Amino acid sequence: MVEAPLVQRRQFLFALLVTIGMAATVGIALGFEHFGGYIPCALCLLQRDPYYYGIPLGVAAVLTSALKLPSWTTRTLLLIIGILMLIGAGLGVYHAGAEWHFWEGPSTCATTAQGVSSDVGDLLGDLDAKHAPSCTDAALRVFGLSFAGWNVVASLVLAAIALSGARRGLTS
C-alpha cells in the first residue's frame, strides 16, 4: 500500500500536468484563431467545450491535492476530466471523419464570419466576400491531421493522464 502523502503528490502532478495540457491546447487553438487568422467552424468551437469545463476542474483538482483534502476528491475531479477529454476525442473523431468525408457532417455548420466591416458602405461587400468556414473542409493539415485530428490526439493523451491520476489515487 502506498503512503497517503505519496499518493497526494502523484495526484498533484497528474492534476497539474493535465490542467497545463488543457490550457495549452486551448491556448494554441485560440492562437491559430486570433493570430493565425483561422476562423473556427461550429464543430471547432464545440470541441473546445470539454476544455472550458475541464480547466476549472483541473484547477480544483490541483487545489484539492495541494490542500491535502481527501484523495477521493482529487480522484473524482480527475475522473470527470478524463471523461470530458474522452468526449472531446469523440467530437474530434466526428469532425475529422466529416472532413475526410467518411460520413456526413452537420447539415448546418455556420459561425459568424469575423472581420466583417462596421462601415455601412462596405458592409454589403463584406457580407458577400466573407464566408463562415465549413465543418467538412479542413482549414489546415499538419502531418496529415487537421485541427480536429490533432484535437483527438491531444484529448486522448490528456484523458490518459487524467484517468491514470484517478487510478493511482485508488491505492489510498
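Residues numbered from 1 in each chain as written. Predicted model: local features only at pLDDT ≥ 70, side-chain atom pairs only at ≥ 80, totals over all residues. Heavy atoms only, no water.

Per an unreviewed UniProt entry, the protein chain is named Disulfide bond formation protein B, and its organism is Sinorhizobium medicae. On record in UniProt, under Subcellular location (unreviewed entry), the comment for the protein chain is "Membrane". (UniProt positions renumbered as here; feature names shortened; annotations may be inferred.)

(A) How the structure looks around helix H3 (residues 71-99). A rise of 1.5 Å per residue sets the reference length of H3, with its 29 residues, at 42 Å; its end C-alpha atoms lie 42 Å apart and thus fit the reference within 8%. His101 occupies a position one or two residues after H3 and carries a positive phi of about 65 degrees. (Helix = DSSP H or I, 4+ residues; strand = E, 2+ residues; numbered from the N terminus. Expected span 1.5 Å × (residues − 1).)

(B) Highlighting a nonpolar patch on the surface. A contiguous nonpolar surface patch, about 490 Å² in accessible area, is contributed by Leu79, Ile83, Leu86, Ile87, Leu156 and Leu163. In terms of residue count, H3 provides more of the nonpolar patch than any other element does, four residues in total. Assignment of secondary structure puts Leu163 in helix H5 (residues 147-168). (Patch = residues over 30% accessible without salt bridge, like charges linked within 9 Å, V, L, I, M, F, W, Y side chains within 5 Å. Areas by Shrake-Rupley, 256 points an atom, 1.4 Å probe, with all protein chains shown as cover. Salt bridge = Lys/Arg side-chain N within 4 Å of Asp/Glu carboxyl O.)

(C) Quick peek at the UniProt feature "transmembrane region" (unreviewed entry) in the protein chain. Cross-referencing UniProt, the feature "transmembrane region" (unreviewed entry) maps to residues 12-31, 51-69, 76-97 and 147-166 in the present numbering. In residues 51-69, the share of helix is 84% and the share of strand is 0%. The end C-alpha atoms are 24 Å apart. Annotated as residues 76-97, this span is 100% helix and 0% strand, and its ends, taken at the C-alpha atoms, are 32 Å apart.

(D) Main features of unusual backbone geometry. Phi is positive for Lys68, close to 60 degrees, though the residue is something other than glycine. Overall, the relative accessible area of 62% leaves Lys68 in the exposed class. (Buried < 20%, exposed > 50% of the residue type's maximum accessible area, 1.4 Å probe, protein only.)

(E) Geometry of the environment of Gly92. Along the chain, the position of Gly92 falls in helix H3. Considering only alpha carbons, one finds Gly92 and Ala148, 56 residues apart in sequence, at a separation of 4.9 Å. Apart from the residues lying within four places of it in its own chain, the contact partners of Gly92 are Gln47, Ala148, Asn151 and Val152. (Contact = heavy atoms within 4.5 Å.)

(F) View of a positive patch on the surface. On the surface, Arg9, Arg10, Lys68, Arg167 and Arg168 cluster together into a patch of positive charge. Taken together, the elements giving at least two residues each to the positive patch come down to helix H1 (4-34) and H5. Within the secondary structure, Lys68 sits in the loop between helix H2 (42-66) and H3. (Lys, Arg positive; Asp, Glu negative; His and termini not counted. Charge placed at Lys NZ, Arg CZ, Asp CG, Glu CD.)

(G) Here's a closer look at the state of the cysteines. Tallied over the full model, the rule gives zero disulfides. For Cys41, which is in no disulfide, the shortest distance to another cysteine sulfur is to Cys44 and amounts to 3.4 Å. Classification of Cys41 by relative accessible area gives buried; the value is 2%. Assessed through its relative accessible area of 18%, Cys44 is described here as buried. (Disulfide = S-S within 2.5 Å.)

(H) Spatial organisation of H2. With 25 residues, H2 extends 37 Å from end C-alpha to end C-alpha; this agrees with the ideal 36 Å at 1.5 Å per step. Along H2, the residues that are buried comprise Leu43, Cys44, Gln47, Arg48, Pro50, Tyr51, Gly54, Gly58, Ala61, Val62, Thr64 and Ser65. Following H2 by one or two positions, Lys68 has its phi on the positive side, about 60 degrees.

(I) Quick peek at the nonpolar core. Ranked by size, the top nonpolar core spans 19 residues in total, and within it Val18, Met22, Tyr51, Leu78, Ile81, Met85 and Leu158 carry the most contacts. Listing elements by their share of this core, those giving two or more residues are H1, H2, H3 and H5. Here the element with the most residues in this core is H5; it accounts for six residues. Those residues in contact with Leu78 that sit more than four places away from it in its chain are Gln11, Phe14, Ala15, Val18, Ala162, Gly165 and Ala166. (Core = buried A, V, L, I, M, F, W, Y, C linked by side-chain atoms within 4.5 Å.)

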